[in-house]
Amino acid sequence: MNRKSYLSSGLTALCFLVMIFCSLHTSAQADRTITGKITDETGAGLAGVSVVLKGASNAGTVTNETGNFSLRVPAGKHTLSVSYTGYTGREIAVDGQTAVNISLSPDPQAKDLNEVVVVGYGTQRKVDLTGSVGSISRKDIATRPVTSPDQALTGKITGVSITNRSGDPAAPIDVRIRGIGTVGTNQPLFVIDGVPIVQTSNVTVNTASYSESNPLAAMNPNDIETIDVLKDASASAIYGARAANGVIIITTKRGKEGKATVSYDGYQGWQSVAKSQYFDVLNVQQYIALQSELGRDYSEFSSKPNFDWQDAIFKTAHVTNHNISVSGGSKNATFNVGAGFHDQDGVELAQAFKRISLKANSDFKVGKFLRFGESVLISSTERGIQSEGANFAAAGASRNAPYYNPYDPNDPLGLNPSTAETRGANASANNYIWALDTRYNEVHVTLRKILANAYGEIEPIPGLKYRLAVGVDYNVGDGFFFQEATTADYGGGIRRSLMTSERPLETTTNMTHTLTYTKEFGKHSVTALVGEEETNFSFTKVRLQGGDLFNTNIRFPTVASTIAATNEGDHWALRGYLGRLFYNFDNRYLVTFNVRRDESSRFSKDHRSGTFPSVSAGWKLSEEKFFTKMDSKIFDDVKIRASWGQAGNQFTGTNFAYLPSLQSNIFYAIGAGQNVVRGPAPVIFANENLKWETSTQVDVGADITMLGQKVDITVDYYNKVTNDVLLSLPIPYVSGYFLPADANIGQIKNSGIELAATYRNKVGKLSYSIGGNFTTVKNKVTSLGGIKEIVSGAGGSLTHRTTAGDELGYFYGYKTDGIYQNAGDVAKALPDAFSVGAQPGDIRFVDVNGDSKVDALDRTRIGKAMPGYYYGFNLSGNYGAFDLSLFFQGRGDIDVYNAVRANMESMKEGNNARVSVLGRWTGEGTSNTMPRATASDPNSNTRYSDRWIEDGSYLRFKNLQLGFVFPAQKLRSLTGEFITGARFYVGVQNLFTFTGYDGYDPEVTRGSSFQKGEFPLANSVDDGASPQPRIIQLGWQVTFN
Amino acid sequence: MKSKIVLKGCLLGLIILLVINFSCNKLDLQPLDRLTSATFYKTAVDFDGAIFGGYSSITDLWGTSTETLNERGEFWAISLAATDDVTINGKAGGGGDLAHARDMDNTIFRASDLAFAAIYTQVYEGIARANIVIEAADNGINELTDEQKTQFVAEAKFIRAFFHFLALQMWGTPPLVLEVKKDLNNLASPNATQDALYAAILQDLQDAYAGLPASWDASNVGRATKWTAKAFEGKVDVWKKDWDAAIAAFATVKDEGPYSLFDGNADKIDNYLDNFDFKKENGVESIFEIQYGGPFSDDNLWVFDDTHSENFKASQGTGRPWYWNASNDAGAPGGAMGWYIPTQSLVDEFEAGDPRLEATIYRDGDTYYNRGVSAVPWDPAWSSNGMMVKKYFGIRNADNSAYSPNEQAGYNNERWYRYSEMLLLYAEALIEKGGGTSAEGMALVNEVRARVGLAASTNPDHRAAVRHERRVELAFEPHRWFDITRWDIGATVFGGAWKPFYKVFPFPQTEIDRSDGQLIQNEGY
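All chains use their own residue numbering, which begins from 1 and follows the written sequence. Both sets of labels track the order of writing: A upward for chains, 1 upward for ligands. With pLDDT at 70 or above as the cut-off, local features in this predicted model cover only qualifying residues; side-chain atom pairs require 80 or more to be listed or tallied, and sums for whole chains, interfaces and linings still use all residues. To obtain the side-chain values, all non-hydrogen atoms of the structure were included, while hydrogens and water were left out.

(A) Molecular detail of the overall build of chain B. For chain B, the helix and strand inventory stands at 19 helices and nine strands. Seen along its three principal axes, the alpha-carbon backbone of chain B occupies a region of about 120 × 50 × 50 Å. Within chain B, the fraction of its 525 residues that count as buried is 65%. Put simply, 70% of the contacts in chain B that link residues at least 6 apart link residues at least 24 apart. Only four residue types enter the tally: Lys and Arg on the positive side, Asp and Glu on the negative side; His and the chain ends are excluded. To locate a charge, the coordinates of NZ of Lys, CZ of Arg, CG of Asp or CD of Glu are taken. Chain B carries 48 positive and 73 negative side-chain charges, and their two centres are separated by 4 Å. Helix and strand definitions here come from DSSP, where helices need a minimum of 4 consecutive H or I residues and strands a minimum of 2 consecutive E residues; each element is numbered from the N-terminal end. The buried label applies to any residue whose accessible area, calculated with a 1.4 Å probe on protein chains only, is under 20% of its type's maximum; exposed applies above 50%, and partly exposed to all values in between. In this description, contact between two residues means that some pair of their heavy atoms is separated by no more than 4.5 Å.

Okay, here's the thing in structure tokens:
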């Protein structure tokens, strides 16, 4: 299907849905319509407020995203009853008028009282929370131009750090809750409508770290009601074996009793990379001059014009987003159905992402005791990824010889092959235009997902509920890698056609039984929960590869002349028993106990089970008599919390890592006929003693509301200790194994402080709020077992090191100390194991250990590869019909290894360089930082050193949005009562980034290599991924009658 | 009322118990895509497979990978690019990929160079696979007969000796590993002494000689025989400078073994060319060849088949055509990178009239052949010094079936150890034993010369004669570097670029880092 037909089919589907739901839910005839807007104390529209016609049980509605509602009522006088959680309900008499605007104020008594937070296997009133839970709601997500739900968390919740691997849409995202507790996967457990999502990336093709996709991008952020982040162990321990990295619970929108409402919202966006972000590279003359110094003569190209390679790769890309949903229901059945379409190109050629999604949730009551319901997500995503060899295209292409032009009108393809004649022998020039043209090179990944959950609930005795929930997460991936045959070398060599296709099938099934009992007696209130949960995961993949396709119009590997196929598969199972006891005395003293026992197939029988307990307590100081007596008018609510608990991690880099097993895809050719035969051998060291990783966390915090509800403050101190860390341990090659071994080694501590505060107020027509959050993370590896150090890096490089006493995976290399200026300096140079003779103009490397020579032992800590703190703050206000919000996000105390600059300042090969090399050493005193140009580099000036480590702190103006809400009455009369509410907005995402970093973007994650997955031991490496683009956004939200 | 509640409660409990009971999931799972050691190593077929796994590690010495260390056929960089026989083509394609091969060419060796890590990995992987076979032969559950056991252990010991000897040549005092490592906390090994290494290697080769068959049936040709083991024993003795032992071993092979020089062609140079002919693999002169075959599966050159995360397999070929064939970048037909070219120094080594020069090197005036390319005049512009290696190429190997369809992989076996090399080692042992002269030794040198039609050597310096003969006869076979270090002629060959500690290579820095002080880096690095 081409792009156009996707678009049209998506739109058709949307229209179809609108028609169905509009026709189904046309309400009964009434005499008039009352419209209006419900606002909060700041004047902002309140979504989801229930508006009911008093005395008529079926006449009611809820407000839409902008706070508007529309309700048909019979003729005559009526009373509207308006209610919303946390606000004082109001009853408004309407006497013939058709428009009412109602302002609600927070209920000082009832404030937050009934607001619930989703905790594991149930909900809890926010005021009763004894653990550390952070939440965002649809308000924080809906109109932001985010591709996936996790992206929406950026800068919003204390303790949660979000880092995008690339600005390429649907690229993986690192979600870190309270630091890095393990060396393997640090991704939290995502639970979507009760179904735990497996955070693996099997759905990809030609797997490398740069072709991985974010599995959560299959979910439309617009379907989300709330995201709750369980940060401390008290909150997360109920998820036992998978909760060590925290748990993120995503709850999607469900229907509410009342008339059906249809809402449509969408935006158009244009994303781009500012030219000021481009690297300044040498022009033709400068390049030729540098290369001539390196012994390469490209003077024949001196009259050629400059070609701006970065400009050729970067593009202004379009984003389209449409969402439509219908929500409503009766007393016994409610529903919410939504459909979404998202189409986002990347800012570099060949990057694209598209999603069509359908979400349907409903709940039914049957008789007195029974409830049933389901939630279903069906989605299809398509992602275009830059082809192998053309990843990091903009950064890569900036290294091309600047006179090399990708176009040649005389060539059959209109492109210029890269040959010694067109670019000069040994000059670097890849025709990225060809490499990124999907007619010749294409990597495309499709993911089709069904995520469904159904539950039944029976309450035979008041307060006693049994619930059975069955969920499935079913993913079919289909990725292909295609290359067209070429007879000229455009930068990828002469080659035949090739088609690789991979089809992974991934299924997670989940079944949960829970029995809950709630009872209040006197001042005591108890909730008890017991449950059992079983999760099964299975994965299989078939890979087909065909070379020399019969005709490349048929893009199947099986029409090739050589065809190969492989399969792979994995499975695991988990069974857990869980329990929780919550006790509340007089609304003052709160205690929660959690325990879970898990058994996992991922470990041997002896090490299979683990028990994860937690306990937490809260004291509502403000409920005490002595406190209310003070009546200081400063504090409204004060709660102090403390918790202790344990959670586990069962994910290792390898499946069946405990079991000695053999790779059967090892071959040798033997016999007179040179037959290819199998030679099975182990390729991974099996560790039979492998077991859980356990993290123990202490959290002390307070929730404070002050100054008449104007100020909210939450503060937490956390200390998380991870023991028996599951580590992919790089082992000595002499063991016979190249790959690392999975092991439980040592201890990692993460501790820090989280502070979140909001202030809101109203001055005349202007209401505003200011909020901010700040998190510190101090990471320390307190033990590495008996291991002295782990030196690691992506793709076999040695860039990071982990030792006991420091944080995990710091940058580890040589320190530099200026440049040898003359022969006298050189004569004093120390013997250097990596130098075969220094000359003036070479870098002086520091003898760190003072043994009068420079060798591998002089490598030292040269930077920090994880942030020490991160923060976000926002400012929002309303003035009449206008609303404005500003959102900033940042992080600090982190360095980045600028591998791109290292490459472009090496002054060795035939690639283009940064203009910074113009300041290179050319004679005594000319530079003390940029060495001489030398093709052979006998001194190894380019070795990995602090030259390439930069401060990676940044502050980003993440989002700016200005909205305008149409006056409801005018809108109604203008549209003949068809449209009941409308808001238009303009927004800019990533408006500015304040940073001293000398690259596209300091927001980077792991070093790239063919090793997939996250890689905390090679973190914070910039290989030139696309920067986070600036997105200019034009959006609208409309509700229909 | 109360009884109703109890009844309801009981009913509910019953439902829950039933549902849970029927649904209980299985936790004892087995891998879907791998064998387990507990079910393997039983039949002779299993053991054949385990042995092939060991041989497979040898093929990876020339592996190309983007997944592991970014290897680019590293054993060529080590054994040839580093020497005075081969240099880097100034007109090569491939940009930065060949940077470290260029360092090798410039006699720059560093512990961090990936070549050393790449070879070290494969060496100890092969040793581990051999040790697994030796251990599994006594696992008590296999169905092997005593005869089969002896034979499999003998073959495993040959593989183990092959790798230990290579390690000794490379690093001087590498670790000696004679058992399967099982303790995660004790995986590193210290340096072994040369004495211990020689003793272990020779013992393994003697055991291999005792237990291996004299020949294999057609479907197993290419596996080591007892004569392979004996010939290696002599070679190891030469490195050990134990001339008597070497002479004894070589004499046994020469007198009793199955080998002979290719001879009998009308044109004498054809005798030499038969050695490198794709259609004459595992010929009479072949003591040990690394076996390549294909096409099989996808001919993806870019992965080590053993450790690729995608679980697909690589070509069973080498990247020889990719790295050595004439550079497409410089205009030659075909898609090759043409990294490596012969040096003038090597050309000069050939005496006038030695036909092996034309058989070994493309030069101006020659006719060039390639897969699917009919004869075209050799164009000196295709290489920065006008030359290209011709051994393993040329008209005899223009055969399509010797290459993968994408021309990157070649299926021509690597002739690791030829009978002519053994004769020259034999000659060397005799000459060294004779204090620099030996008529008997010169007779062997002349045997090698005669079959290409050259007259007997008149060089009175027998040591020089045999060294000359080795260089020209074995050009581009993986021996020159180890001859230079063995003869300790680095200063003569490389002049000022040579440093005495280059006699051995550095251990990989990663290995030093991971061995917790057990492995000591070679002096000077």
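(B) Structural context of the interface of chain B and chain A. Between chain B and chain A, the contact holds 107 residues from the first and 105 residues from the second. Both sides together, the interface formed by chain B and chain A hides about 9,300 Å², and carbon and sulfur atoms give 58% of it. Across the pair Arg859 of chain A and Asp513 of chain B runs a salt bridge, and its minimum N-O distance is 2.9 Å. N or O atoms within 3.5 Å of each other form a polar contact, as long as, within protein, one can give a hydrogen and the other can take it, and as long as residues adjacent in sequence are counted only when both atoms are side-chain atoms. The tally of links from chain B across to chain A stands at 25 residue pairs in polar contact (both at pLDDT 80 or more). The set of elements that each furnish at least two residues to the side of chain B that touches chain A consists of helix H1 (2-23), strand E1 (35-36), helix H2 (44-59), helix H4 (99-105), helix H5 (114-136), strand E3 (286-290) and helix H19 (509-514) of chain B. Here the residues of the side of chain B that touches chain A are counted per class, giving 40 nonpolar, 37 polar and 30 charged. As paired elements, strand E30 (residues 661-662) of chain A and E1 of chain B share two bridges and run antiparallel to each other. Its bridge partner lying in E1 of chain B, Leu662 of chain A is registered against Leu35 of chain B. As used here, buried area is the combined drop in accessible area, with a 1.4 Å probe, of two parts when they are placed together. The working definition used for a salt bridge is a side-chain nitrogen of Lys or Arg within 4 Å of a carboxyl oxygen of Asp or Glu. Here the nonpolar group is Ala, Val, Leu, Ile, Met, Phe, Trp, Tyr, Cys and Pro; Asp, Glu, Lys and Arg are the charged ones; every other residue, Gly included, is treated as polar. When DSSP finds two or more bridges between a pair of strands, those strands are recorded as paired.

(C) Summary view of the confidence of the model for chain B. Predicted confidence across chain B gives a mean pLDDT of 91, with 94% of residues reaching 70 or more. The complex prediction reports pTM at 0.86, with the ipTM value standing at 0.95. Each residue gets a pLDDT score, which is the predictor's confidence in that residue and runs from 0 to 100.

(D) Region of interest: the pairing of strand E51 (residues 979-994) of chain A. All names here are of chain A. Two elements, strand E50 (residues 954-965) and E51, share ten bridges in a ladder whose sense is antiparallel. When the sheet's bridge partners are listed, Phe957 is paired in E51 with Phe992. With ten bridges connecting them, E51 and strand E53 (residues 1030-1040) associate as antiparallel partners. Opposite Arg983, over in E53, you have Gln1037 as the bridge partner.

(E) View of unusual backbone geometry. The phi dihedral of Asn990 of chain A is positive, around 55 degrees, even though this residue is not glycine. Considering the arrangement of structural elements, one finds Asn990 of chain A in strand E51. Judged by relative accessible area, which is 7%, Asn990 of chain A ranks as buried. At Tyr41 of chain B, a position not held by glycine, the phi torsion is positive, near 55 degrees. Topologically, Tyr41 of chain B is positioned in the loop between E1 and H2. When its relative accessible area of 7% is taken as the criterion, Tyr41 of chain B is described as buried.

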